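Read off the chains here:
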Amino acid sequence: MRVRLEDVAEAAGVSVTTVSRVLGGRGTVAEATRTRVLDAVRSLGYDRSTLLHRQAARLVAVCAPAQPEHWQIEVCRSLSMQLQDTGIIAATPFLDEDIAEVRACIDAGAALVVTPTFTPLDVDVPVVRFAEATAAWPTAATGTEASDTSVTGDTGPEAVAGPAIDAEWIAARVDLSGGMSLAFEHLHALGHRRIGLVCNDSGALAERLKNRFRREHPMRDVTDRLDEWIAAVPKSHSGGIAAATQLRDATCTAVIVQSALQLHGVFAAVRRRRLAIPRDLSVVGFGDFSTMRYTDPPATVLRLDNQALAEALAAGVRSVLGLPGRQLASVPPTLRPRLLARQSTAAART
């Protein structure tokens, strides 16, 4: 009778996932547990001998969020092509809420997870990802990032210099919240003072954007209405419509928008009120792609270098897998957005 993976797990008194980790040489497994699994493999005659020794990793999970921004899709596409050119198979699961697709890829033999996101993942293989530039290094004790305050001089956990703590590899620091400064400078030079923020209703990046908004807003010392000028809404077209309505009612003359879907909703809301962009509301978005250039009018955006982002993740993959080619720097680079001023921003009306 054919021996199954489940039979080995039952004999060893562990889960099927643990057996898979031992046979594939992935993740951290206690030595006593590893011994029990291998003893069960031998006693049952489980025929999977090719996996009893670690092989060169050739399967990588390249993961975009379940609701990705266009720049994240472009980074994943470019990264997958780079990996495939070197003989690595790139699986492309989405990071859904329970990361079930990612775990399935790991069980199938993925040696690491690489993703253009900023959130730590609880998986049993190394993770290569980005960190927001205002976040601290992962701490040695927890492997997680400290709060935003630890890089601003406030009290906070001590940061650890270096690209990786255990299984966390930071490929690059991406200064998305720093783009807020560029947007403020641009809008302030055009005479805008009542500037609002449209951000996601959840997520670490949204919280950092709100913190930066409060710290750097041109009116921070002369008004107590800043929280009224923040619209935290779902990452959707309808969320953008609701946010634009809220901020126009709050007398904002310009808005900075986190998500592309929200930005299109802002444009739609302004048209529904029989108003016009930028005459009645100037708009700045994060990320650039074709639909941003063909909005009516073309949207002013904070543009990211998608190719540089993909190359940074690829360097992280090579470092983790010990492959030839450009490796991660001892201190990961900080990549900053660039403001492209198009026709969705104009001088404030007096």
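Residues numbered from 1 in each chain as written. Predicted model: local features only at pLDDT ≥ 70, side-chain atom pairs only at ≥ 80, totals over all residues. Heavy atoms only, no water.

## Some words on the overall build of the protein chain
Scanning the protein chain from terminus to terminus reveals eleven helices and 15 strands. By residue count, 51% of the 350 residues in the protein chain fall in the buried class. Across the protein chain, contacts joining residues at least 24 apart in sequence account for 68% of those joining residues at least 6 apart. Here the protein chain has roughly 16300 Å² of accessible surface; of this, 51% comes from carbon and sulfur atoms. (Helix = DSSP H or I, 4+ residues; strand = E, 2+ residues; numbered from the N terminus. Buried < 20%, exposed > 50% of the residue type's maximum accessible area, 1.4 Å probe, protein only. Contact = heavy atoms within 4.5 Å. Areas by Shrake-Rupley, 256 points an atom, 1.4 Å probe, with all protein chains shown as cover.)

## Remarks on the packing of aromatic side chains
Tallying each qualifying case throughout the model produces three aromatic pairs. For the ring pair Phe118 and Phe130, a centre distance of 6.3 Å and an interplane angle of 45 degrees mean the geometry is tilted. Here Phe118 is found in the loop between strand 5 (112-114) and strand 6 (127-132), whereas its partner Phe130 is found in strand 6, with twelve residues between them in sequence. Accessibility classification places Phe118 together with Phe130 in one group, the buried group. (Phe/Tyr/Trp six-rings, centres within 6.5 Å; stacked < 30°, edge-to-face > 60°.)

## A word on the environment of Val198
Checked against the element boundaries, Val198 lands in strand 9 (residues 195-200). Residues Val198 and Val257, 59 residues apart in the sequence, show an inter-C-alpha distance of 4.6 Å. Excluding its chain neighbours within four sequence positions, the residues that come into contact with Val198 are Ala231, Val233, Ala243, Leu247, Val255, Ile256, Val257, Gln258, Gln262 and Val266.

## What to know about the pairing of strand 8 (residues 168-174)
Looking down a regular strand, the side chains alternate between one sheet face and the other. Counting buried positions over the seven residues of strand 8 gives six, a clear majority of the element. Pairing analysis gives six bridges linking strand 6 to strand 8, with the strands arranged parallel. Pairing of Val127 across the sheet is with Glu168, part of strand 8. Pairing analysis gives two bridges linking strand 8 to strand 14 (residues 334-335), with the strands arranged parallel. (Pairing = 2+ DSSP bridges.)

## Details of the layout of surface pockets
In this structure, the largest pocket encloses a volume near 810 Å³. Pro65, Thr117, Thr119, Gly203 and Lys235 are the residues nearest the centre of the largest pocket, which is lined by 30 residues in total. Looking at the lining of the largest pocket, the elements that each hand over two or more residues are helix 4 (70-85) and helix 7 (204-216). Top contributing element to the lining of the largest pocket by residue count: helix 7, with four residues. Looking at the lining of the largest pocket, you find at least three residues from each of domain 2 (59-135 + 163-175 + 309-333) and domain 3 (176-304 + 336-340). (1 Å grid on protein atoms, 1.4 Å probe; cavity = no way out; pocket = protein on both sides within 12 Å on 5 of 7 lines; lining within 4 Å. Points joined across faces, edges and corners; volume = space filled by probe spheres on them. Domains from an automatic or database assignment.)

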